[in-house]
Amino acid sequence: MAKLMNMPKIGVNMTDGTVTEWYVNEGDEVIFGEMALAAETDKDVQDIPADQTGTVLKIIAQVGDNVECHKPLAIVGTPGENIDSLLAEISGGGVVPVPVAAGVASETTVVQTAETVEKSPTGRVPVSPLAKKMAKDMGIDLNHVKYRGVRVTKADVLAYEEASPVAPVVEAVPVTATAVTASGIRNTIPYNGMRKKIGSRMTESVVTKPWAALTVAVDMTKAIDWRKRVNELADIKVGFNEMVAKACSRALHEFPMMNTQLTADGTEIYEMEDINIGIAVNTERGLMVPVLKNVAAKGVVELARDFSDLVSRTKEQENIQGDLSGATFTISNLGSRGISSFRAVINPPECGILALAATVKTPVVVDDEIVIRPMMNITLSFDHRIVDGDYAAQFVAYIGKLLEDPMKILM
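Predicted model only: the values in this text are computed from it and were never measured. Every chain begins its residue count from 1, and numbering advances along the sequence as written. Only residues with pLDDT of at least 70 are given local features in this predicted model, and only at 80 or more are side-chain atom pairs given and counted; all residues enter the totals for whole chains, interfaces and linings. As a convention, hydrogens and water are excluded, and side-chain values are obtained from all of the structure's heavy atoms.

A. How the structure looks around the overall build of the protein. Scanning the protein for helices and strands turns up nine helices and 18 strands. The rule is simple: take the accessible area with a 1.4 Å probe, protein chains only, and divide by the maximum for that residue type; under 20% is buried, over 50% is exposed, in between is partly exposed. Within the span of the protein, comprising 411 residues, buried residues form 43% of the whole. Only heavy atoms matter for contacts: two residues are in contact if any of them lie within 4.5 Å across the pair. Taking contacts inside the protein between residues at least 6 apart in sequence as the whole, the part at least 24 apart equals 63%. Entry remark: accessible area of the protein is about 21,600 Å², with carbon and sulfur atoms responsible for 54%. The helix and strand labels rest on DSSP assignments: H or I over at least four residues marks a helix, E over at least two residues marks a strand, and numbering proceeds from the N terminus. Accessible surface area values rest on a Shrake-Rupley calculation with a 1.4 Å probe, where residue burial reflects the displayed protein chains alone.

Okay, here's the thing in C-alpha cells:
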C-alpha cells in the first residue's frame with residue numbers, strides 16, 4: 001500500500017527543511033534507513049533516510065522546496081499502484097508540487113504558484129505563531145509575504161525581509177560618500193547556503209528573544225592544574241571545553257530553568273529531560289554546533305572522546321543525524337583568539353549560551369595581597385522571558401565556583 005514519506009523532525013528546534021538533492025528518482029527502490037535525499041535545516045545539510053521500503057512512485061518536494069516537518073516529500077509504494085487519493089490528500093494539506101512543462105521551471109511559475117495559495121478561503125493569511133510574531137516585531141505586512149508551503153513560516157518572513165529594498169537614509173550619508181560605485185568593489189560573494197542559514201538563525205534570536213548578559217571573572221589556577229593532572233592519566237587530551245561542559249551540566253542540574261525552551265507560540269516552557277551541550281566550532285562551511293549528548297552521565301575523558309569524534313565528523317562533513325541537533329545549552333569559546341570578553345548570541349530555542357574568553361595572567365587581590373592569577377571572563381547570555389536576572393546570576397556564578405574548585409564538578 002502506497003504511503004507518504006515525510007520530512008522528519010531532527011531535534012526539538014527543527015521546523016522545516018529545504019530539499020537540496022534527491023539521491024533517488026521516481027521508479028527507484030528505497031530501503032528503510034538508507035539515505036534518500038539531502039535537506040538543509042537550520043543547523044546544516046542533513047541526509048534524510050527513507051522511513052519505509054518500497055518504490056518511489058512520486059517525488060512531491062522538488063529541489064529547492066521548503067518543507068515543514070511531517071509534511072510530504074514523496075510517495076512510496078508498489079509499482080503500478082493508484083496514488084490519486086494520496087495526491088488529493090497532499091493537495092488539500094501538504095506541499096503542492098509546482099506544475100511545469102518539460103525543462104527548467106521559470107521564476108514566473110514559482111511566483112504565480114505562491115500567489116495562488118497566499119490566502120485561505122476565509123481571506124486570512126495562514127501563518128505559524130513564530131512567523132506572526134517575527135513579522136510584527138519587524139514591521140512586515142503578512143499580506144505581502146509569499147510562501148510555497150501551507151502557511152507562512154519564519155523562513156518566508158526572513159526571505160521577504162532580506163529581499164526588501166532598504167530606503168537610503170540621505171541625512172546619514174556624507175556628500176563625499178555618495179559616489180561609491182561598483183568600481184570600488186573588489187569581489188561579490190553570494191549570500192546563500194550555510195552563511196545565510198547562520199544569518200537567519202542569528203536574526204531570529206535577536207528579533208524574538210529579549211536577552212541580557214552577565215559576566216563573571218574566574219580564577220583558573222586550579223582548573224589548569226586539574227586538567228594537567230587528568231591529561232597525565234588519560235589516553236586522550238581533555239580540553240577546557242569538555243571541562244566547562246561538565247561544569248555547565250552540574251549547574252543546569254542545580255538551576256533547571258536554564259535547561260528549558262520556550263515554545264514558538266510563547267504559551268509553554270519545556271523543561272528538558274536530558275542535558276545536551278552544544279559547543280560552537282568554526283569550519284570551512286561556517287559556524288557549526290556539534291552536540292555532546294547526556295553530559296551529566298559522562299566523565300570528562302569520555303566527553304573528550306565524544307567531542308573529538310564530533311568535531312572530526314563536522315569538519316569532514318560526515319554529520320550523522322542528531323550530531324548538530326538536540327542541544328539544550330550552548331558554549332562558545334573564543335579564548336584561543338585572545339578575546340578578553342564577549343556576548344554570544346543565544347541559539348534558538350535554548351534559554352542560554354555561555355561565552356568563554358581568553359585566560360589572561362592578571363593582578364588580583366587575594367587575602368589583601370596583590371598576586372598574579374590566570375583569569376578568564378565567562379559571560380552568560382540568557383532569555384529574559386524564561387528566567388530573571390538574579391536566577392541567571394546565581395547560575396553563572398555557580399559555574400565560576402565549580403571552575404575555581406574543579407573537584408566539585410565530580411561530586
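Still to come is the rest of the account.
B. The arrangement of the side chain of Asp383 in detail. Along the chain, Asp383 turns up in strand β18 (residues 369–383). The exposure class of Asp383 is buried, given its relative accessible area of 0%. If we ignore the near neighbours within four places in the chain, the residues touching Asp383 are Lys209, Pro210, Ile346 and Cys351.

C. Quick peek at the sheet that holds strand β4 (residues 35–40). Taken in spatial order, the four strands of this open sheet run β5-β4-β2-β7, and their pairing is antiparallel. The open sheet terminates on both sides in strands that have one partner only, identified here as β5 (45–49) and β7 (66–68). Strand-to-strand twist across the sheet, computed as the mean angle between neighbouring axes with direction ignored, equals 45°. When DSSP finds at least two bridges between two strands, those strands are taken to pair. When strand β2 (residues 16–22) meets β7, the two strands line up antiparallel, connected through three bridges. Along β7, the bridge assignment pairs Gly17 with Val67. Axes here refer to lines fitted to C-alpha atoms; in helices the fit is confined to the stretch in contact. Angles between the N-to-C directions go from 0 to 180 degrees.

D. Local environment of the nonpolar core. Judged by nonpolar contacts, the single largest core of 46 residues is most densely connected at Met258, Ile277, Phe329, Leu354, Leu380 and Phe395. Elements represented by at least two residues in this core include exactly α6 (221–233), α7 (240–254), β12 (277–279), α8 (300–315), β16 (329–333), β17 (352–366), β18 and α9 (389–404). In terms of residue count, the dominant contributor to this core is α7 (seven residues). Look past the residues within four positions of Met258 in its chain and what remains in contact with it is Leu252, Thr328, Phe329, Cys351, Gly352, Leu380, Phe382, Val387, Tyr391 and Phe395. We call a set of buried Ala, Val, Leu, Ile, Met, Phe, Trp, Tyr and Cys residues a nonpolar core when their side-chain atoms join them within 4.5 Å. Among the nonpolar cores identified, the runner-up in size contains 21 residues, and Val24, Leu37, Ile59 and Val67 belong to it.

E. Just α9, in detail. Relative to the 22 Å expected for 16 residues at 1.5 Å per residue, α9 spans 22 Å between its end C-alpha atoms, a close match to the ideal helical length. Tucked inside the fold, the buried residues of α9 contact β9 (211–219), α6, α7, β16, β17 and β18. Helix span, as expected, comes to 1.5 Å for every residue beyond the first.

F. Broad picture of the packing of α7 against α9. Where α7 meets α9, the axes come as close as 9 Å, and the angle between the chain directions of the two elements is 135°. It follows that α7 is oblique to α9 by the angle criterion. In this structure, α7 crosses over α9, and the sense of that crossing is right-handed. Residues Val244, Ala247, Cys248, Arg250, Ala251, Leu252 and Glu254 of α7 lie in contact with α9, whose contacting residues are Phe395, Tyr398, Ile399, Leu402 and Leu403. Under the grouping applied here, Gly and all other residues not named as nonpolar or charged are polar, the nonpolar ones being Ala, Val, Leu, Ile, Met, Phe, Trp, Tyr, Cys and Pro and the charged ones Asp, Glu, Lys and Arg. Among the residues making up the contact of α7 with α9, the classes are represented as 10 nonpolar, no polar and two charged. By definition in this entry, angles of less than 35 degrees are roughly parallel, angles greater than 145 are roughly antiparallel, angles of 65 to 115 are roughly perpendicular, and the rest are oblique. By the definition used in this description, the sense in which the near helix is turned from the far one sets the handedness, with an anticlockwise turn below a right angle giving left-handed and a clockwise turn giving right-handed.

G. Main features of the confidence of the model for the protein. The predicted model of the protein averages 82 in pLDDT, with 82% of residues at 70 or higher. A low-confidence stretch, residues 166–182 stays under pLDDT 50, and its non-local contacts, those more than four residues away or across chains, total one contact. Here pLDDT means the predictor's own confidence in every residue, given as a number from 0 to 100.

H. Molecular detail of unusual backbone geometry. Across the junction of Pro348 and Pro349, the peptide omega takes the value 5°, indicating a cis bond. Here Pro349 lies in the loop between β16 and β17. Despite not being glycine, Asp368 shows a phi value in the positive range, around 65°. Tracing the backbone through its elements, the reader meets Asp368 in the loop between β17 and β18. What makes Asp368 exposed here is its relative accessible area of 77%.

I. A look at the side chain of Gln261. In this structure, Gln261 sits in strand β10 (residues 260–262). Overall, the relative accessible area of 3% leaves Gln261 in the buried class. Each polar contact in these results corresponds to two N or O atoms within 3.5 Å; when the atoms are within protein, one needs to be able to donate a hydrogen and the other to accept it, and residues that are neighboring in sequence are counted only if both atoms are side-chain atoms. Here Ala327 takes part through its backbone oxygen, which lies 3.4 Å from a polar atom of the side chain of Gln261.

J. Broad picture of the sheet that holds β16. Taken together, the six strands give an open sheet; going across it, the order is β9-β18-β17-β16-β12-β15, and neighbouring strands pair in mixed fashion. On the outer flanks of this sheet lie β9 and β15 (291–292), each paired with one strand and no other. Examined bridge by bridge, β12 and β15 share two bridges and lie antiparallel to one another. Opposite Ile277, over in β15, you have Leu292 as the bridge partner. Here α7 sits on the sheet in contact with β12, β15, β16 and β17, set at roughly 150° to β16. Together, β9, β16, β17 and β18 form the strand contacts of α9, whose direction differs from that of β9 by roughly 25°.

K. Structural context of the environment of Asp309. Along the polypeptide, Asp309 turns up in helix α8. By relative accessible area, Asp309 is classed as partly exposed at 38%. Distance from Asp309 to Pro290, taken between C-alpha atoms, is 9.9 Å for residues 19 residues apart in sequence. A distance of 2.2 Å separates polar atoms of two side chains, one belonging to Asp309 and the other to Arg313.

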